[in-house]
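Given next are the chains, with one letter for each unit.
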Amino acid sequence: MKRSFIRLFALLLALLLAFPMAAQALDLSSLFGDDFTQNGGINLIDNEEDEEDEEEEPAADEVVSVQQETPVVTNVPAPVVLPDASADTSRIRDDADLFTTAEEAQIAQRIAQFQQNTGCDFVVMTANRSHDGISAQQLADEFYDYGGYGLDAENSGIGYLIDMYERYHYITTTGVMIDYMTDERIDSAINSSTSYLSSRRYADGVLYMIDTVERYYRAGIPEGQYQYDVLTGQVLTARHKALTGGEILLCAIIGVVVAAIFYGSVHGSYKLKGSTYSYQVAENSTLNMTDTEDTYTHTTTTRVRKPDPPRSSGGGFSGGGGSGVHVGSSGASHGGGGGRF
């Protein structure tokens, strides 16, 4: 019994010594981890946590690529082009609120073109209340004069008033525009634009008025135009004579012929006939003035018929090619005219 127990103990001791050596030979650490060889056994809990960590952490040399597709947009509508909202609207005072923002920008752009094409100004004013006895003429004149409008030394330009309270529109002319916009032209412009205002197309009426004035400017000052005082009828300026191209050419030809004849006559009178000798006039002639005297001979009186007082036509004045002139409260001279709508 005692000998059997000793043999069993020796067998177990041999197994314990032999098992680690067999595990090393079989490289069981590759299956169960380093804990097997270091701790002499298998740590299942730590191995499970390591496996979870290995699943959660990507390898260092693994590259993750994500591609995003850009959506393709088709059938995009073309952008809507609106009038320039930044256009200078300082030439427009819309107290009656007749124009939209887009219409004001359109009018402002047209005024800028007018200024560039003519060198003159154009301003627009609307009103919708009583003016306490102030006429449309005075209102338009003062709006233009005291507003500091005009582009040259004479402040040449047009002021256009649309008065909704009186249902009346009026244009005032200043500087050179007095000569371009005669009474007849003013009446024509007022009458032609009335239909736009009557149909509540106020912006179109203003644009039409600007176009009409510019068209008259391009046509030039009409033949026989003159300025007269609307109160006394007194003629203030001589009648304008507009020469045609043919007339200018004819005058130039006549001038050259007359000059050639005069030169030949003078030159021939100082040349000796039948001789090669010529007298040197410049070197051999002198002039000594010893006395001067003015002798009164006669008086010439010229009489000019005083024109008939201008007739009124809807606030405007007609007088053939004439332009009626009045003086505003600022002391500036104006022409002008208007009518109801």
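Residues numbered from 1 in each chain as written. Predicted model: local features only at pLDDT ≥ 70, side-chain atom pairs only at ≥ 80, totals over all residues. Heavy atoms only, no water.

Trainee: Whenever I open this one, the pattern of salt bridges confuses me. Can you help?
Mentor: Oppositely charged side chains can pair when the atoms bearing their charge come close. One pass over the full model with this rule turns up six salt bridges. Arg91 is the partner of Asp121 in a salt bridge, and the nearest nitrogen-oxygen pair spans 2.8 Å. Highlighted residues: Asp121 in strand E2 (residues 121-127) and Arg91 in the loop between helix H4 (44-56) and strand E1 (92-94), separated in sequence by 30 residues. The two residues Asp121 and Arg91 agree in class, both being buried. (Salt bridge = Lys/Arg side-chain N within 4 Å of Asp/Glu carboxyl O. Helix = DSSP H or I, 4+ residues; strand = E, 2+ residues; numbered from the N terminus. Buried < 20%, exposed > 50% of the residue type's maximum accessible area, 1.4 Å probe, protein only.)

Trainee: I tried to follow helix H9 (residues 202-219) on my own but got confused; where do I start?
Mentor: Along an α-helix, a turn takes 3.6 residues, which lines up residues three or four apart on a common side. With 18 residues, H9 ought to run about 26 Å at 1.5 Å a step, and its terminal C-alpha atoms sit 26 Å apart, in line with that. Taken together, the buried positions of H9 are Tyr202, Ala203, Gly205, Val206, Leu207, Met209, Ile210, Thr212, Val213, Glu214 and Tyr216. Structurally, H9 contributes buried residues whose contacts are with helix H5 (101-118), E2, strand E3 (157-163), strand E4 (168-174), helix H7 (177-180) and helix H8 (183-198). (Expected span 1.5 Å × (residues − 1). Contact = heavy atoms within 4.5 Å.)

Trainee: Whenever I open this one, the nonpolar core confuses me. Can you help?
Mentor: The nonpolar side chains of soluble globular proteins are, as a tendency, buried together. Membership of the largest hydrophobic core comes to 32 residues, with the highest contact counts inside it found for Phe99 and Phe122. Those elements that provide at least two residues to this core are H5, E2, E3, H7, H8 and H9. By residue number, the principal contributor to this core is H9, which donates eight residues. Setting aside its immediate chain neighbours within four residues, Phe122 contacts Arg91, Ile111, Phe114, Ile158, Tyr160, Met209, Ile210 and Val213. If you look at the next biggest cluster of nonpolar residues, it comprises eleven residues, including Val123, Leu139, Tyr144 and Tyr149. (Core = buried A, V, L, I, M, F, W, Y, C linked by side-chain atoms within 4.5 Å.)

Trainee: How do you make sense of the environment of Asp145 when you look at a structure like this?
Mentor: Along the polypeptide, Asp145 turns up in helix H6 (residues 136-146). On a C-alpha basis, the gap between Asp145 and Gly159 in space is 9.4 Å, while along the polypeptide they are 14 residues apart. Setting aside chain neighbours within four positions, we find Asp145 in contact with Ser330, Ala332 and His334. Side-chain polar atoms of Asp145 contact the side chain of His334, separated by 2.8 Å. (Polar contact = N/O pair within 3.5 Å; in protein donor to acceptor, adjacent residues only side chain to side chain.)

Trainee: Sorry, what's going on with the side chain of Thr194 here?
Mentor: Residue position: Thr194 is located in helix H8. A polar side-chain atom of Thr194 sits 2.7 Å from the main-chain carbonyl oxygen of Ile190. Those residues within four positions of Thr194 in sequence are excluded, and the remaining contacts are His169, Arg340 and Phe341.

Trainee: How do you make sense of the confidence of the model for the protein chain when you look at a structure like this?
Mentor: Note: predicted coordinates in regions of low pLDDT should not be interpreted at a detailed level. In the predicted model, the protein chain carries a mean pLDDT of 77, and 63% of its residues have values of at least 70. For the stretch residues 58-66, pLDDT sits under 50, and the model shows zero contacts to residues farther than four places along the chain or on other chains. When the criterion is pLDDT under 50, residues 70-83 qualifies, and its contacts beyond four places in sequence or with other chains add up to three contacts. (pLDDT = per-residue confidence, 0-100.)

Trainee: It is not clear to me how the layout of surface pockets should be interpreted in this structure. Could you clarify?
Mentor: One way to see where empty space is left: roll a probe the size of a water molecule over the atoms. Estimates place the volume of the largest pocket at around 220 Å³. Lining of the largest pocket is provided by 13 residues; of these, Arg93, Met125, Arg129, His131 and Leu139 occupy positions nearest its centre. In terms of residue class, the lining of the largest pocket is built from five nonpolar, three polar and five charged. Estimated volume of the second largest pocket: approximately 160 Å³. Residue lining of the second largest pocket: Ser130, His131, Asp132, Gly133, Ile134, Ser135, Ala136, Asp163, Tyr165, Glu166, Tyr168 and Arg340, and that is the complete set. Tallied by class, the residues present in the lining of the second largest pocket amount to four nonpolar, four polar and four charged. (1 Å grid on protein atoms, 1.4 Å probe; cavity = no way out; pocket = protein on both sides within 12 Å on 5 of 7 lines; lining within 4 Å. Points joined across faces, edges and corners; volume = space filled by probe spheres on them. Nonpolar A, V, L, I, M, F, W, Y, C, P; charged D, E, K, R; others polar.)

Trainee: For this particular structure, what's the right way to read the packing of H8 against H9?
Mentor: To describe two helices that pack against each other, one gives the angle between their axes and the distance between the axes. One can describe the packing of H8 onto H9 by two numbers: an axis separation of 8 Å at closest approach and a directional angle of 155 degrees. Put simply, H8 runs roughly antiparallel to H9. The two elements H8 and H9 cross, and the hand of that crossing is right-handed. Only Tyr202, Asp204, Gly205, Tyr208, Met209, Thr212, Tyr216 and Ala219 of H9 make contact with H8, whose side of the interface consists of Arg185, Ser188, Ala189, Ile190, Ser192, Ser193, Tyr196 and Leu197. When grouped by side-chain class, the residues that make up the contact of H8 with H9 number nine nonpolar, five polar and two charged. (Axes fitted to C-alpha atoms, helices over the stretch in contact; angles between N-to-C directions. Parallel < 35°, antiparallel > 145°, perpendicular 65-115°, else oblique. Left-handed = near helix turned anticlockwise from the far one by under 90°.)

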